[in-house]
Amino acid sequence: IGRIMMTRRSGLEYKTGARAGILSYLKESGQRPVSVSEIHAHMQSANHPVNVTTIYRYLEKLEADGNLIKYMPQANGESTKATYQYVERTHKCDEHLHLKCVACGVVEHLDCHFMEEIASHVAKDHGFQLQCKNSVIYGFCAGCRREKAVIEK
């Protein structure tokens, strides 16, 4: 796939086949955040070799544009690599918490009226203002809980 040059004046930007492949993979990953090494391996297997630096630069751009969430590793035994999840800018991830399954890695968005209640409670009763962007609550998703219940029977 060749490069397509578009002017900034028209509101469009410079795009490459590599960027299109990365974006496509991020979108296909859905609720499962992916690491740079997973993106790199996917691009290699799809015959679209791309430099790891290029991947990082494009991820930074997507994050700056509000279309990507970067999850940093925690000290709770999680992978030591940052992972990334594509979201539409209109998803407003800085206004809600995220629920991450410790079994399968799926991240769900806690985008409901409960967020207003919890933010209000935390501010009023604890004097603490929530910073929701990239904030994660760990637990088990419904699918993994069902699977665990089946295994235990």
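The rules behind the values
- Residues numbered from 1 in each chain as written.
- Predicted model: local features only at pLDDT ≥ 70, side-chain atom pairs only at ≥ 80, totals over all residues.
- Heavy atoms only, no water.
- Helix = DSSP H or I, 4+ residues; strand = E, 2+ residues; numbered from the N terminus.
- Buried < 20%, exposed > 50% of the residue type's maximum accessible area, 1.4 Å probe, protein only.
- Contact = heavy atoms within 4.5 Å.
- Areas by Shrake-Rupley, 256 points an atom, 1.4 Å probe, with all protein chains shown as cover.
- Polar contact = N/O pair within 3.5 Å; in protein donor to acceptor, adjacent residues only side chain to side chain.
- Expected span 1.5 Å × (residues − 1).
- Core = buried A, V, L, I, M, F, W, Y, C linked by side-chain atoms within 4.5 Å.
- Disulfide = S-S within 2.5 Å.
- Salt bridge = Lys/Arg side-chain N within 4 Å of Asp/Glu carboxyl O.

Asks: Would you explain the overall build of the protein chain in this entry?
Replies: Scanning the protein chain for helices and strands turns up five helices and five strands. When the helices and strands of the protein chain are listed from N to C terminus, the series reads α-α-α-β-β-β-β-α-β-α. Taken over 153 residues, the protein chain has a buried fraction of 31%. In the protein chain, 48% of the contacts between residues at least 6 apart in sequence involve partners at least 24 apart. For the protein chain, the exposed area adds up to about 10200 Å²; of that, 52% sits on carbon and sulfur atoms.

Asks: I would appreciate a short explanation of the side chain of Ser 35 in the present structure.
Replies: As for its position among the elements, Ser 35 is in the loop between helix H1 (17–29) and helix H2 (36–45). Residue Ser 35 is classed as buried on the basis of its relative accessible area, which comes to 6%. Polar side-chain contacts of Ser 35 include one of 3.0 Å to the side chain of Ser 37. Among all residues touching Ser 35, those that are not within four sequence positions of it are Lys 81, Ala 82 and Thr 83.

Asks: Got a minute to help me understand H1 in this structure?
Replies: Structurally, the α-helix is built with 3.6 residues per turn, so residues lying three or four positions apart point the same way. Spanning 13 residues, H1 covers 18 Å between terminal C-alpha atoms, matching the ideal 18 Å at 1.5 Å per step. Within the sequence span of H1, burial applies to Gly 17, Ala 18, Gly 21, Ile 22, Leu 23, Tyr 25, Leu 26 and Ser 29. Against H2, helix H3 (52–64), strand E1 (68–71) and strand E2 (83–86) lie the buried residues of H1. Where H1 terminates, the next one or two residues include Gly 30, which has phi positive at roughly 55°.

Asks: Can you help me understand the nonpolar core in this one?
Replies: Across soluble globular proteins, nonpolar side chains show a tendency to be buried alongside one another. Ile 22, Leu 26, Ile 39, Ile 55, Leu 59 and Tyr 84 are the most contacted members of the largest nonpolar core, which has 18 residues in total. Going through the elements one at a time, H1, H2, H3 and E2 are the ones with two or more residues in this core. Sorting elements by how many residues they give to this core places H1 first, with five residues. Setting aside its immediate chain neighbours within four residues, Tyr 84 contacts Leu 26, Pro 33, Val 34, Val 36, Tyr 56, Leu 59, Leu 68, Ile 69 and Lys 70.

Asks: Please clarify how the state of the cysteines should be interpreted in this entry.
Replies: Linking two cysteines covalently through their sulfur atoms gives a disulfide. On inspection of all chains with the given rule, the structure shows zero disulfides. For the unlinked cysteine Cys 101, the closest cysteine sulfur is that of Cys 144, found at 3.6 Å. For Cys 101, a relative accessible area of 3% translates into the label buried. The cysteine Cys 144 is free of any disulfide, with Cys 141 supplying the nearest cysteine sulfur at 3.6 Å.

Asks: How should unusual backbone geometry be read in this particular structure?
Replies: Outside of glycine, negative phi angles account for most residues, and trans bonds account for most peptide bonds. A positive phi angle is found at Asn 47, which is not glycine, with a value near 60°. In this fold, Asn 47 is placed in the loop between H2 and H3.

Asks: Explain the pattern of salt bridges to me, please; I cannot follow it from the model alone.
Replies: A side chain of one charge can pair with a side chain of the opposite charge when the charged atoms of the two come close. Tallied over the entire structure, the rule returns two salt bridges. We note a salt bridge from Arg 32 to Glu 38, for which the minimum N-O separation is 3.0 Å. A salt bridge links Asp 65 to Lys 61; the shortest N-O distance between them is 2.5 Å.

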